[in-house]
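Read off the chains here:
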Protein chains: 2
Amino acid sequence: VSGGGWLLDTPATGVYLYPDQCEAVVHGLSRALTALLGGHVKQSLRAPPVIARSVIERVEYDKSFPHLLGTVTTRGIASDLVLLPAGCYCVYPLYADARLSAVDEVSVEATCFRQEATAEAGRLRSFRMREFVRLDNDDGCRSWRDRCLDVVCDWLGELGLATETAVASDPFFGSGNRLMRGLQMDQKLKFEVLTTVAPGLTQAVASGNCHKDQFGKLFSITDATGDAAHTACVAFGYERLVLALTHQHGDDLRRWPEPVRKALSLAAAL
Amino acid sequence: VSGGGWLLDTPATGVYLYPDQCEAVVHGLSRALTALLGGHVKQSLRAPPVIARSVIERVEYDKSFPHLLGTVTTRGIASDLVLLPAGCYCVYPLYADARLSAVDEVSVEATCFRQEATAEAGRLRSFRMREFVRLDNDDGCRSWRDRCLDVVCDWLGELGLATETAVASDPFFGSGNRLMRGLQMDQKLKFEVLTTVAPGLTQAVASGNCHKDQFGKLFSITDATGDAAHTACVAFGYERLVLALTHQHGDDLRRWPEPVRKALSLAAAL
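The text that follows walks through the structure, step by step, so that each part is easy to find. (Residues numbered from 1 in each chain as written. Chains lettered and ligands numbered in written order. Predicted model: local features only at pLDDT ≥ 70, side-chain atom pairs only at ≥ 80, totals over all residues. Heavy atoms only, no water.)

Looking now at the pairing of strand β6 (residues 77-83) of chain B. Residue and element names in this part refer to chain B. Relative to β6, strand β4 (residues 50-52) runs antiparallel, the two being bridged by three bridges. From the neighbouring strand, alanine 52 faces β6, where its bridge partner is leucine 81. Across three bridges, strand β5 (residues 71-74) lies against β6 in antiparallel orientation. In the sheet register, threonine 74 faces β6, and the bridge partner there is isoleucine 77. (Pairing = 2+ DSSP bridges. Helix = DSSP H or I, 4+ residues; strand = E, 2+ residues; numbered from the N terminus.)

Turning to the sheet that holds strand β1 (residues 8-9) of chain B, a few remarks are in order. If you walk across this open sheet you meet the nine strands as β9(A)-β10(A)-β11(A)-β12(A)-β8(A)-β7(A)-β3(A)-β2(B)-β1(B), and the pairing is mixed. Looking at which strands have only one partner, the edges of the open sheet turn out to be β9 (164-168) of chain A together with β1 of chain B. In the sheet, strand β3 (residues 43-46) of chain A pairs with strand β7 (residues 104-113) of chain A via four bridges, with the strands oriented parallel. By the bridge assignment for β7 of chain A, serine 44 of chain A is matched with serine 107 of chain A. Where helix α7 (residues 238-249) of chain A meets the sheet, it contacts β7, β8 (126-136), β10 (190-198), β11 (201-210) and β12 (230-237) of chain A, and its direction lies at approximately 45° from that of β10 of chain A. Against the sheet, helix α1 (residues 20-37) of chain B makes contact with β3 of chain A together with β2 (16-19) of chain B, and its axis sits at roughly 80° relative to β2 of chain B, the strand it touches most. (Contact = heavy atoms within 4.5 Å. Axes fitted to C-alpha atoms, helices over the stretch in contact; angles between N-to-C directions.)

A word on the relation of the copies chain B and chain A. Take chain B, turn it by 180°, move it 0.0 Å along the axis, and it overlays chain A with an RMSD of 0.0 Å. Each copy turns onto its partner about a two-fold axis. Within chain B, valine 72 of chain B has its C-alpha nearest the rotation axis, a separation of 2.5 Å. Comparing interface residues between copies, 100% of those in chain B also lie at the interface in chain A; the contact surface is shared. (Least-squares fit on C-alpha atoms with pLDDT ≥ 70 in both.)

Tallying each qualifying case throughout the model produces two cavities of 30 Å³ or more. Of the voids in this model, the largest cavity is the one considered here, and its volume is about 40 Å³. As for the largest cavity, its lining consists of Tyr18, Thr111 and Arg128 of chain A together with Arg46, Ala47, Pro48, Pro49 and Thr111 of chain B. For the lining of the largest cavity, the class distribution of residues is four nonpolar, two polar and two charged. Its boundaries defined by the atoms lining it, the second largest cavity holds a volume of some 30 Å³. Forming the boundary of the second largest cavity are Pro49 and Val50 of chain A together with Pro49, Leu83, Thr111, Cys112, Phe113 and Ser126 of chain B. It is strand β7 (residues 104-113) of chain B that provides the largest number of residues to the lining of the second largest cavity, a total of three residues. (1 Å grid on protein atoms, 1.4 Å probe; cavity = no way out; pocket = protein on both sides within 12 Å on 5 of 7 lines; lining within 4 Å. Points joined across faces, edges and corners; volume = space filled by probe spheres on them. Nonpolar A, V, L, I, M, F, W, Y, C, P; charged D, E, K, R; others polar.)

Here the focus is the interface of chain B and chain A. Counting from both sides, the interface comprises 42 residues of chain B and, opposite them, 42 residues of chain A. The contact between chain B and chain A buries some 3500 Å² in all, and 63% of this surface belongs to carbon and sulfur atoms. Of all residues in chain B, Leu17, Arg46 and Arg75 of chain B bury the most surface against chain A, accounting for 19% of the area lost on that side. There are four salt bridges connecting chain B and chain A. (Buried area = accessible area lost by both parts, 1.4 Å probe. Salt bridge = Lys/Arg side-chain N within 4 Å of Asp/Glu carboxyl O.)

Everything listed is a geometric property; what it means functionally is a separate question.
Structure representation (structure tokens):
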């Protein structure tokens, strides 16, 4: 899994240390994504790896994905914190009870945790995610999500990665919303961008998601007309992108194609 | 606590979101520390916020500081992971059962967690730490630690921060080692570098620690002569440094003194 020393194994499965060359690529990806999708971002945040349990219960993640959720316990008692399962959950509380005067976009970078049952390449328990979140109406969210996905697939192509886009279902709709999850597939609310991260192994490296007014309702966020705000997000998995790039271009960063090195702002020394 | 929008409150006490200006300073501090103390670093790592519980039990952190330790539970059962309480615990397992041929230095950047009972300025539960770890003999570790502290205090002075250095005791010696903790004070194994982070409030923003051969013995690391290796570390709290800098220079990054801006590689735009 750790192919060529890019992700260093630790005594824990699915948990890795990141050496310098990995970090150089992650920073390059971060900068490139800011340039690509950050043009209209109102605020850009880095999130801590823990979040209030009350937020995660509010979005029913604990009901939908109890097997993935890590709770922080201290002295054997569940604390007020859980490990953050996705970056955008930090964003909605910032808008709780707010009335939006205009469309809003937020960028968030986070280390996320999911108690995955398997540990194939790219299936990390602790992993880093970049997300862009849009607050808008239904049409605005959907067209933004679609535009982002187009831009992202082009960009990944320029990085030398062949991608496939597939409709998927996801953790954004709670267990009380089985019907909603069916609708999610039918209405194409979630797309995943898949690429090869290891020989014969494909993983989602990005996704684009429309949440309808789910979070707008849960956090009492209204748009300028007074309706519940719609939200959408476009998310990226940094470690999976690193694995995909090393799979495609090899373990020696200095031998990566010059356009890729340039797109990732890799200094001549690396 | 969040003074001037540098650390954004979340629904959880002692857990903050970091906006761009905070991140710009953190990156500047990171680069500056690499330049200052990274000259002989053999490997530079970024650590995930979780670590194998077996490692933390091996160093008896769970016995010494059960009240600070966060355990990751999934479906109500303690998992194999805990939240990382200090960056350098990631480093020692990499050297387990190794015989060092020479002195070694490692840099590590990590998000740490401690279940602090209070939440005054700078007392975060989730916080970021930079550490430099040295593996050497007793004298080598001590003189390196002392040199680093001198360099660090000079550097903090150049950043406009008045510091005080104080002997302290710390979490590196287990509860079975009460005598050792007394010795730690007597032998001046730990120094903390203190500065003002908010009106009337002083916190440690850096520390320099000699661990004797504690970790060498626990992880069976030997030096070139076959003795248990000694270790030392110098650690920095990024958020506390940010708070100290904003306390000293104000909330408007553009008005910070030019030498400070330059030392932190802050672009003209910020």
